There are 2 protein chains.
Amino acid sequence: MKKIAIGIDIGGTNTVIGAVDQEGNVMVNRTIDTPKHGDFDKYMADLSSEIKELINSLKLMNEETEILGIGLGAPNGNYYNGTIEYAPNLSFKGVVHLVDGLKKHFPDSYAIALTNDANAAAIGEMVYGGAKEMKNFVMYTLGTGVGSGIIVNGDLVYGHDGFAGECGHTTLIPGGRVCGCGSLGHLEAYCSAPGMKRTAFELIAQYNAEDSLLADKSYKELTSKMIYEAAEKGDKIALEVFQKTGDYLGQGLADTVHHLAPEAIFLFGGPTAAGDYIFKPTYESMNRHLLPIFKDKIKILPSKLKLGDAAIVGASALVWKELEK
Amino acid sequence: MKKIAIGIDIGGTNTVIGAVDQEGNVMVNRTIDTPKHGDFDKYMADLSSEIKELINSLKLMNEETEILGIGLGAPNGNYYNGTIEYAPNLSFKGVVHLVDGLKKHFPDSYAIALTNDANAAAIGEMVYGGAKEMKNFVMYTLGTGVGSGIIVNGDLVYGHDGFAGECGHTTLIPGGRVCGCGSLGHLEAYCSAPGMKRTAFELIAQYNAEDSLLADKSYKELTSKMIYEAAEKGDKIALEVFQKTGDYLGQGLADTVHHLAPEAIFLFGGPTAAGDYIFKPTYESMNRHLLPIFKDKIKILPSKLKLGDAAIVGASALVWKELEK
């Protein structure tokens, strides 16, 4: 019997459902639209049908499988309550009871648990990835926003209300850039993929850099991938974007180290594909900001989760952690 | 039989030893010099004699007592190793093995544990103080420096290496004031008692405030208590010192909330005697910096530990926590 956990990633556009084995391999997956209609009960019915079809499709494969549970990752997902609460990019209003909603369709079969996507990624790193031997580490996910998940003594930190690990919203620069949340100077406004774009535009303006490879892109067009490609060609603006992003991120990571003294901080997401361009200045900046007792002791590592399926793999990892309890 | 934990506070000048009951009352205490001679073995012998005399003096009191263990709070105290590591204000060089050193003198009698003073205060708040019912909270100690202790799921967070909870060294103002640790812009440089004095001197200079009640004090003379007394008399500079200190501290506390989502943050130390002068602007600033999911939900509370004996009471609390394990 092959043991399987279902992982579900609820994004603003799509909901992806995957069957994941104990090594973190996605055996089969399906995608449905995350609805715009705001009818939560209908969504629960549709999602449950898809899960059942996924389970049936597994049965048609050769191996015998045992489904152990369902793990969900969603924006503003609350582990304690099994709810999604006031998620700005989803059509459901207020608080919706995701775990209870699914339990109606799977009355007594499975462990079902929910958290946000960055927390799920942290658990995924611990269950399947580069943190299998670690008890104290932090995951930073760099993408449209910056999320984080904190592991202390082998358990995810949910905090008093279930919403711990919002390190993207710590203040880097008082009175600085407007963050998506409305506050000023948050880490997310500097170290997300759009944050890198903002840094690029600031630098182009500062240097009047008409000769930069980035100077013929509009703000809408420019992506962090283009900045990476320009850096590879030696573009000075692009190289300085990475240097500054590392300076910013390292300052934030040092704050995290001063709170938690982790063994390592993992970085996940598109911008990390730039490798040393981002890891090197980040490490140098973090070290510069650290107390002597921490200097040269804290690793910054690339996540071992695959970018494409990390969200469902991370969500599925919740199931194994639930079964440990 | 009355159960007793010995609490020991090792400071730069004095070492205070107290016998503490389960309600946190100090029944008897003794003070010896923390040596300047750097001879650690001699210090262990002297300290052990004092502990034995303290225990004898307890026996001379009426009640029958049972000594359960010894808890120690010391700068750069490492719980995992039972060591003090490179403490700048102590005469012992490098790493000294405090727990092992004491165990030689008390071979198989007691639970013995060590941590730093702010961690001890956090455990003290949980065992005896205002956090008895809390599982997730943070303690900030404001004094010559700023220390912190973090409780997650009812346990102190020591991190990978035993040094977690150095929130005083998170960066508030990039490139800002020189911190005692040599880095720039750390919270401690703004929110400690000397930090308040620095703010006072900046403000006096900024406003050329010859009419301030603080304008006739030298930098060496000025204390945070004087700033409080001037604020009570309506001195504008003193009032603005509290406003700015609260602004700074609230920014830092919001970073802590975004990491850990605690139920409450406790403030301990001299500057907290100023009550609303410091609590009110701190709360307002923290709330301003928080994500909507946290706004108006996180309490900032004064520690219920008594200023005078909090260090030994906090250290003693380690013993009860050890015995729970």
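Residues numbered from 1 in each chain as written. Chains lettered and ligands numbered in written order. Predicted model: local features only at pLDDT ≥ 70, side-chain atom pairs only at ≥ 80, totals over all residues. Heavy atoms only, no water.

Another point: the interface of chain A and chain B. Each side of the interface is counted separately: chain A has 40 residues, and chain B has 40 residues. If you sort the residues of chain A by the area they bury against chain B, His 160, His 259 and Ile 293 of chain A come out on top, with a joint share of 20%. At the junction of chain A and chain B, the tally comes to 14 residue pairs in polar contact (both at pLDDT 80 or more). For the side of chain A that touches chain B, the elements supplying multiple residues, two or more each, are β10 (146-152), α7 (236-260) and α8 (276-289) of chain A. (Contact = heavy atoms within 4.5 Å. Buried area = accessible area lost by both parts, 1.4 Å probe. Polar contact = N/O pair within 3.5 Å; in protein donor to acceptor, adjacent residues only side chain to side chain. Helix = DSSP H or I, 4+ residues; strand = E, 2+ residues; numbered from the N terminus.)

Residues and elements named next belong to chain A. Summarising the element assignment, Arg 30 is placed in strand β3 (residues 26-33). Arg 30 sits in the partly exposed class, given a relative accessible area of 25%. Once the C-alpha coordinates of Arg 30 and Glu 53 are considered, the two residues, 23 residues apart in sequence, prove to be 9.1 Å apart. Sequence-distant contacts of Arg 30, defined by excluding residues within four places in its chain, comprise Thr 15, Val 16, Ile 17, Glu 50, Glu 53 and Leu 54. A distance of 2.8 Å separates the side chain of Arg 30 from the side chain of Glu 50, its partner in a polar contact. (Buried < 20%, exposed > 50% of the residue type's maximum accessible area, 1.4 Å probe, protein only.)

This next bit is on the sheet that holds strand β1 (residues 2-10) of chain A. Residue and element names in this part refer to chain A. Strand order in the open sheet formed by five strands is β3-β2-β1-β4-β8, with mixed pairing between adjacent strands. Two strands close off the open sheet at either side, each with one partner strand: β3 and β8 (111-115). Taking each pair of neighbouring strands and ignoring which way they run, the sheet shows an average axis angle of 20 degrees. In the sheet, strand β4 (residues 65-73) pairs with β8 via five bridges, with the strands oriented parallel. The residue of β8 that forms the bridge with Gly 69 is Ala 111. The sheet contacts of helix α1 (residues 40-60) involve β1, β2 (14-21), β3 and β4, and relative to β3 the element is tilted by about 155 degrees. (Pairing = 2+ DSSP bridges. Axes fitted to C-alpha atoms, helices over the stretch in contact; angles between N-to-C directions.)

Moving on, we get to the relation of the copies chain A and chain B. Under the fitted operation, chain A is carried onto chain B by 0.0 Å of movement along the axis and a turn of 180 degrees, and the coordinates agree to an RMSD of 0.0 Å. Here the two chains are linked by the operation of a two-fold rotation axis. Both copies contact each other with a shared surface, as 100% of the interface residues of chain A are interface residues in chain B too. (Least-squares fit on C-alpha atoms with pLDDT ≥ 70 in both.)

What follows deals with the packing of aromatic side chains. Enumeration according to the criterion identifies 22 aromatic pairs over all chains in this entry. For the ring pair Tyr 79 of chain A and Tyr 158 of chain A, a centre distance of 4.0 Å and an interplane angle of 5 degrees mean the geometry is stacked. Separated by 79 residues along the polypeptide, Tyr 79 of chain A in the loop between β5 (77-78) and β6 (83-85) and Tyr 158 of chain A in the loop between β11 (155-156) and α4 (188-191) bring together distant segments of the chain. Each member of the pair, Tyr 79 of chain A as well as Tyr 158 of chain A, is classed as buried. Ring geometry for Phe 201 of chain B against Tyr 219 of chain B: centres 4.9 Å apart, planes inclined by 85 degrees, an arrangement best described as edge-to-face. Taken as a pair, Phe 201 of chain B in helix α5 (residues 193-207) and Tyr 219 of chain B in the loop between α5 and α6 (224-232) lie far apart in primary sequence, 18 residues in all. We classify Tyr 219 of chain B as partly exposed; its relative accessible area is 37%. Feature note: the residues Phe 40, Tyr 43 and Phe 92 of chain A constitute an aromatic cluster, connected by ring pairs. Here the basic side chain of Lys 52 of chain B rests over the ring of Phe 106 of chain B, its NZ or CZ set 5.1 Å away from the ring centre. In this arrangement the basic side chain of Lys 197 of chain B is found over the ring face of Tyr 219 of chain B, its NZ or CZ atom lying 4.5 Å from the centre. (Phe/Tyr/Trp six-rings, centres within 6.5 Å; stacked < 30°, edge-to-face > 60°. Lys NZ or Arg CZ within 6 Å of the ring centre and 35° of its normal.)

These figures come from the coordinates and say nothing about function on their own.
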